[in-house]
Amino acid sequence: MKGLTTSRYIVSLVCVAILSGGGVYLWQTAQQNQQTTQPVTETSTEASGMEKIQSLYDQILANYYQEVDEDALIEGALQGMTDALDDPYTTYLNQSDADNLEQSLSGSFEGIGATLSIVEDYPEVAQAPIKNTPAEKSGLRMNDRIVKVDGEDTQGQELSEVVGKIRGEKGTKVTLTIQRGEDTFDVEITRDVIPIETVHGEIAESDETIGRIDITSFGENTAAELKETITELREAGAKSFVLDLRQNPGGLLDQVQIMASMFLENGQTIVKFANNQGVISETKASETLDEGFKVTEPVVVIVDGGSASASEIFAAALQESADIPVVGTETFGKGTVQNVKDLGDNSELKMTVMKWLTPNENWVNDQGVMPDYEEDYPEYAYFPPLPRDHALKAGQSSTAVNNLNQFLKALGYSTSGDTFNDETTAAVQSFQEAHDLKETGEVDVDTAQAIEKEVTAKLKAEDPAYLKALSLLSEQ
């Protein structure tokens with residue numbers, strides 16, 4: 001890659017606090033910029049501004065009526081400068097936030113597998129939880145608002161405070177009160193170690209010549225994991241591959257460049273970078289990146305609205321440079337690059353410095369990568385969990401009952417509408433009998449969990465995007 005100074009670059013969805021070992025951070029080492037730079041001199045305006053800041057600081061210390069925490073003043077000033085840019089991707093990271101960032105890039109730790117940001121004075125899930133983590137298994141979704149942690153209101157709290165309450169030792173539990181649209185419900189989550197492995201492969205049940213590969217994020221070892229997985233699947237008989245990047249929030253830029261290079265011919269473009277004056281650099285597939293490991297078998301990529309940053313770079317590179325079909329729904333749409341600079345006291349500045357573009361120089365920001373074949377789960381796949389704090393029973397009418405009826409209908413029962421009527425009661429009793437549950441006709445915690453488990457299994461078995469990917473590979 002030419003034209004970028006040696007530094008660390010990241011792509012991040014939002015200014016976040018990370019509760020998992022994943023994240024959406026990209027970095028790379030690049031060749032030294034050969035352009036001549038002019039020395040920067042301090043203007044009188046800049047000097048005047050700095051003098052004003054110093055004067056305000058001195059006035060507060062000297063005259064405020066209570067004792068002042070000098071460190072808090074400095075932290076506030078630094079945070080205020082980045083906030084003034086009105087860019088959610090540019091932020092000052094204090095020591096704790098910087099540690100969180102480094103930890104998310106370097107390995108696993110105990111948490112729930114979600115990433116939070118502050119939106120309208122509340123913490124919200126900033127991106128889709130990483131697959132197979134407690135947050136994902138508990139049904140948390142991007143944009144879920146956390147209004148309480150273990151019964152304590154979160155409104156107005158610092159993000160670090162909320163994160164500190166949600167994190168904890170493996171095996172301990174935390175209850176989050178979630179607001180999703182018009183629904184508010186409790187979710188009990190058991191903390192765990194967030195898995196390090198980011199690539200999972202298996203032979204497709206319906207076709208022993210197709211290998212399915214789930215890529216959950218782009219971590220430090222993801223490229224090596226992908227190479228190993230492809231090698232193992234080839235040995236098992238795979239002649240083509242489905243690469244599933246759904247709910248993949250992104251990761252390290254060096255990893256996605258190595259991985260994309262595996263699927264492109266040397267010299268084909270992976271990604272371009274631009275500022276307001278236009279393209280300033282690009283990365284192309286090469287043996288330097290992939291060490292000669294190439295995937296020439298037929299491939300299909302699956303994405304969705306939770307595929308972001310590195311996932312979008314990967315999907316766009318394969319789609320535009322190698323004509324590899326992309327299936328699913330429009331991706332998240334994050335097209336800027338941030339540079340992380342150490343400020344010298346264990347704090348960091350994460351600042352937007354340029355855009356990234358697809359090989360055809362499309363900017364996906366707020367638009368996303370469009371799939372060649374649009375396939376999505378049915379509407380009920382996006383419903384919130386059934387309530388756990390009270391039972392659903394005959395005579396009730398609510399959104400939760402409507403969701404229950406939709407779930408039961410998907411499982412083959414004759415139910416509809418938002419009223420818990422005789423049809424619903426009969427369907428619930430029949431379901432309970434088939435699953436060795438007490439036949440009360442009411443949906444308590446055990447019945448709700450069993451229904452959701454069956455619905456999840458049905459969605460996995462009848463996954464429209466995955467089935468389309470299999471169909472495309474079977475035609476080749």
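Residues numbered from 1 in each chain as written. Predicted model: local features only at pLDDT ≥ 70, side-chain atom pairs only at ≥ 80, totals over all residues. Heavy atoms only, no water.

**Side note on the sheet that holds strand β12 (residues 199-203)**
- On the basis of which strands lie adjacent, the open sheet formed by six strands has the order β12-β13-β14-β17-β18-β21 and mixed pairing. The open sheet has two edge strands with one neighbour each: β12 and β21 (373-374).
- Running at roughly 165° to strand β17 (residues 299-303), helix α13 (residues 464-475) makes contact with β13 (210-215), β14 (240-244), β17, β18 (326-328) and β21 of the sheet. (Pairing = 2+ DSSP bridges. Helix = DSSP H or I, 4+ residues; strand = E, 2+ residues; numbered from the N terminus. Contact = heavy atoms within 4.5 Å. Axes fitted to C-alpha atoms, helices over the stretch in contact; angles between N-to-C directions.)

**Re a negative patch on the surface**
- Residues Glu67, Asp69, Glu70 and Asp71 make up a contiguous surface patch of negative charge.
- With respect to the helices and strands, the residue Glu67 is situated in the loop between α1 (44-63) and α2 (70-83).
- Classification of Glu67 as exposed rests on a relative accessible area of 79%. (Patch = residues over 30% accessible without salt bridge, like charges linked within 9 Å, V, L, I, M, F, W, Y side chains within 5 Å. Areas by Shrake-Rupley, 256 points an atom, 1.4 Å probe, with all protein chains shown as cover. Salt bridge = Lys/Arg side-chain N within 4 Å of Asp/Glu carboxyl O. Lys, Arg positive; Asp, Glu negative; His and termini not counted. Charge placed at Lys NZ, Arg CZ, Asp CG, Glu CD. Buried < 20%, exposed > 50% of the residue type's maximum accessible area, 1.4 Å probe, protein only.)

**Details of the pattern of salt bridges**
- Counted under the stated rule, the structure contains 14 salt bridges.
- Here Glu120 ties to Arg145 by a salt bridge, and the two come within 3.0 Å at their closest N and O atoms. One end of the pair, Glu120, is in the loop between β5 (115-119) and β6 (122-125); the other, Arg145, is in strand β7 (residues 145-149), and 25 residues separate them in sequence.
- Since its relative accessible area comes to 12%, Arg145 is described here as buried.
- Between Asp244 and Arg212 there is a salt bridge, and its shortest N-O distance comes to 3.0 Å. Of the two residues, Asp244 is situated in strand β14 and Arg212 in strand β13; the sequence distance between them amounts to 32 residues.

**Topic: the side chain of Arg180**
- Here Arg180 lies in strand β9 (residues 173-180).
- Here Arg180 falls in the buried class, since its relative accessible area comes to 13%.
- At 2.9 Å, the side chain of Arg180 and the backbone oxygen of Gly139 are in polar contact.
- Ignoring any residue separated from it by four or fewer positions in sequence, one finds Arg180 in contact with Gly139, Leu140, Arg141, Asp144, Phe185, Phe383, Pro384 and Pro385. (Polar contact = N/O pair within 3.5 Å; in protein donor to acceptor, adjacent residues only side chain to side chain.)

**Quick notes on the pairing of strand β16 (residues 278-284)**
- For strand β15 (residues 269-275) and β16, the ladder comprises six bridges, and the chain directions are antiparallel. Its bridge partner being in β16, Phe273 is matched across the sheet by Ser281.

**Quick word on helix α6 (residues 222-235)**
- Between its first and last C-alpha atoms α6 spans 20 Å; for 14 residues at 1.5 Å apiece the expected length is 20 Å, and the two agree.
- Taken together, the buried positions of α6 are occupied by Thr222, Ala223, Glu225, Leu226, Thr229, Ile230 and Leu233. In a view along the axis of α6, the buried residues occupy a sector of 155°, so they form one face of it.
- Its buried side turned inward, α6 meets β12, β13, β14 and α7 (253-263).
- Gly237, located one to two residues past α6, shows a positive phi value of around 115°. (Expected span 1.5 Å × (residues − 1). Arc of directions from axis to C-beta.)

**Quick word on α7**
- Extensive coverage of α7 is indicated by the burial of nine of its 11 residues.
- Residues of α7 that are buried include every one of Leu253, Gln255, Val256, Gln257, Met259, Ala260, Ser261, Met262 and Phe263, and no others.

**Remarks on the side chain of Gln255**
- Considering the arrangement of structural elements, one finds Gln255 in helix α7.
- Looking at Gln255, the relative accessible area reads 6%, which means it is buried.
- Of note is the side chain of Gln255, whose polar atom sits 3.2 Å from the backbone oxygen of Glu220.
- Once residues within four sequence positions are removed from consideration, Gln255 is found in contact with Gly219, Glu220, Asn221, Thr222 and Ala223.

**With respect to the confidence of the model for the protein chain**
- Per-residue pLDDT for the protein chain has a mean of 86; in total, 88% of the residues score no lower than 70.
- In this model residues 1-7 is a low-confidence stretch, pLDDT under 50, and it forms 36 contacts with partners more than four residues away in sequence or in other chains.
- Every residue in residues 12-42 scores below 50 in pLDDT, and together they form 128 contacts with partners more than four places removed in sequence or on other chains. (pLDDT = per-residue confidence, 0-100.)

**Structural notes on the packing of α7 against helix α9 (residues 310-322)**
- Contact geometry for α7 and α9: axes closest at 10 Å, N-to-C directions at 25°. The angle between α7 and α9 falls in the class roughly parallel. Seen from above, α7 lies across α9 with right-handed handedness. Note on element contacts: α9 touches α7 through Ala310, Ile313, Phe314, Ala317, Leu318 and Ala322, opposite Leu253, Val256, Met259, Ala260 and Phe263.
- For the contact of α7 with α9, the residue count by class is 11 nonpolar, no polar and no charged. (Parallel < 35°, antiparallel > 145°, perpendicular 65-115°, else oblique. Left-handed = near helix turned anticlockwise from the far one by under 90°. Nonpolar A, V, L, I, M, F, W, Y, C, P; charged D, E, K, R; others polar.)

**Notes on the nonpolar core**
- Grouped together as the largest cluster of nonpolar side chains are 42 residues, with contacts concentrated most on Leu243, Phe263, Val301 and Phe314.
- Looking at this core, the elements that each hand over two or more residues are β13, α6, β14, α7, β15, β17, α9 and β20 (348-357).
- Among the elements that take part in this core, α9 stands out by supplying seven residues, more than any other.
- Counting residues in each nonpolar core, the second largest holds 22 residues, with Phe420, Val443, Ile451 and Leu459 among its members. (Core = buried A, V, L, I, M, F, W, Y, C linked by side-chain atoms within 4.5 Å.)

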